[in-house]
Amino acid sequence: MPETLEFMIPAEPKYLKINRLSIKLLCELIGFSTVESNNITLAIDEACSNVIRHAYNGPSKEPIHIKCNIYGNKIEFLIRDFGRKANVDQIKSRELDEIRPGGLGVHLIKTVMDEVMYDTNFEKGNQLKLIKHFKGRK
Amino acid sequence: MKMLDIQSKKVDNAVIINIKGDVDLYSSPQIRKVLLELIQKESPAIFVDLQEVNYMDSSGVATLVEALQRAKKYGGRLFIYHLQGAVQDVFELSRLDKVFQIYPDETEAMKAYHDEN
């Protein structure tokens, strides 16, 4: 059984920082390095920003649930929204040789995390599962 | 509590922007507004000091990419410097660290600008 922490924030950009501080502290507490903790925090923040932008189509009072399951060899994040269903086929990293604003968030998430899985099989909303393994404990 | 502070000052024909705080989905529109106002005036050189920015997400990076591209259209220059660890990492993860003119500090950035002119 994993140890589980759960956070919930309204889908308002001003609350993202609270979430970041919590995730960073958690990652450092369970043994990730400062750089790894920063990068994981970035990935979770990008995922939450995407929820605000795409699932809720902008700031909203609707919630973002962030569930953190800590296992012996990895941490798993489940980011759940109750907004517009994502079209998973259209979620792509942008080509990095194409220098333009935007489209970077998905690339950063996929670069930082070991596993990225979308689940749209909910009656309402989406869930993104992000996993990061502890180095040497796979 | 103020989440972001942006100060700007003019030095000759250049403008130095000091940003203090996290640059994220909440704050990057404020930075975009400041940068686009300068670009609209066709400022020849914009220097962005990131010493007091400990966090930047993709919306912040995108804002700087947009400013860089718009400035280039009229021959303007955008210099960024004093990148802190996590911010430097975001540029590297985005593979944009080679696209921008990134300098360790203001002196180096100014020197690069004056050497070009």
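Owing to the predicted nature of the structure, the values given are computational and were not obtained by experimental measurement.

Participant: Where do I start with the overall build of chain B in this structure?
Facilitator: In terms of helices and strands, chain B carries 4 helices and 5 strands. Along chain B, from the amino end to the carboxyl end, the secondary structure elements read β-β-α-β-α-β-α-β-α. Taken over C-alpha atoms, the radius of gyration comes to 13 Å for chain B, in line with the 13 Å a tight globule of 117 residues would show. A principal-axis box enclosing the C-alpha atoms of chain B has dimensions of 35 × 25 × 25 Å. When contacts within chain B are restricted to residue pairs at least 6 apart in sequence, those whose partners lie at least 24 apart make up 67%.

Participant: Could you clarify how one ought to interpret the packing of aromatic side chains in this entry?
Facilitator: One pair of aromatic rings is described through two measures. These are the centre distance and the angle between the planes. The tally for this structure, following the rule as stated, stands at 6 aromatic pairs over all chains. Arranged with centres 5.7 Å apart and planes meeting at 80 degrees, the rings of B:Phe47 and B:Tyr113 form a pair that is edge-to-face. Of this pair, B:Phe47 sits in strand S3 (residues 45-52) while B:Tyr113 is found in helix H4 (residues 106-116), placing the two residues 66 residues apart along the sequence. Comparing B:Phe47 with B:Tyr113, the two get one shared label, buried. Between B:Phe91 and B:Phe100, the ring centres sit 5.4 Å apart and the planes meet at 85 degrees, which makes this aromatic pair edge-to-face. The exposure classification of B:Phe91 matches that of B:Phe100, with both residues buried. Feature note: the residues B:Phe47, B:Phe79, B:Tyr103 and B:Tyr113 constitute an aromatic cluster, connected by ring pairs. Just above the ring of A:Tyr71 sits the side chain of A:Lys74; from NZ or CZ to the centre is 5.0 Å.

Participant: Is there a simple way to think about the environment of A:Leu128 in this case?
Facilitator: Residues and elements named next belong to chain A. By the secondary structure assignment, leucine 128 is in strand S5 (residues 126-133). Linking leucine 128 and aspartate 81, residues 47 residues apart in sequence, is a C-alpha distance of 8.9 Å. Look past the residues within four positions of leucine 128 in its chain and what remains in contact with it is Ala47, Phe77, Leu78, Ile79, Val116, Met117 and Tyr118.

Participant: Mind showing me how you'd approach the sheet that holds strand S1 (residues 4-11) of chain B here?
Facilitator: Backbone hydrogen bonds are what pair the strands of a sheet, in a parallel or an antiparallel way. Residues and elements named next belong to chain B. Strand order in the open sheet formed by 5 strands is S1-S2-S3-S4-S5, with mixed pairing between adjacent strands. Bordering the open sheet on either side are S1 and strand S5 (101-103), each of which pairs with just one other strand. Geometrically, the sheet is characterised by an average inter-axis angle of 20 degrees between neighbouring strands, direction not taken into account. Direction of pairing for strand S2 (residues 14-21) relative to S3: parallel, over a ladder of 6 bridges. Of the residues in S3, the one forming a bridge with asparagine 18 is aspartate 49. Contacting S2, S3, strand S4 (77-81) and S5, H4 crosses the sheet at an angle of about 155 degrees to S4.

Rules behind the numbers
- Residues numbered from 1 in each chain as written.
- Chains lettered and ligands numbered in written order.
- Predicted model: local features only at pLDDT ≥ 70, side-chain atom pairs only at ≥ 80, totals over all residues.
- Heavy atoms only, no water.
- Helix = DSSP H or I, 4+ residues; strand = E, 2+ residues; numbered from the N terminus.
- Rg over C-alpha atoms; globule rule 2.2 N^0.38 Å.
- Contact = heavy atoms within 4.5 Å.
- Phe/Tyr/Trp six-rings, centres within 6.5 Å; stacked < 30°, edge-to-face > 60°.
- Buried < 20%, exposed > 50% of the residue type's maximum accessible area, 1.4 Å probe, protein only.
- Lys NZ or Arg CZ within 6 Å of the ring centre and 35° of its normal.
- Pairing = 2+ DSSP bridges.
- Axes fitted to C-alpha atoms, helices over the stretch in contact; angles between N-to-C directions.

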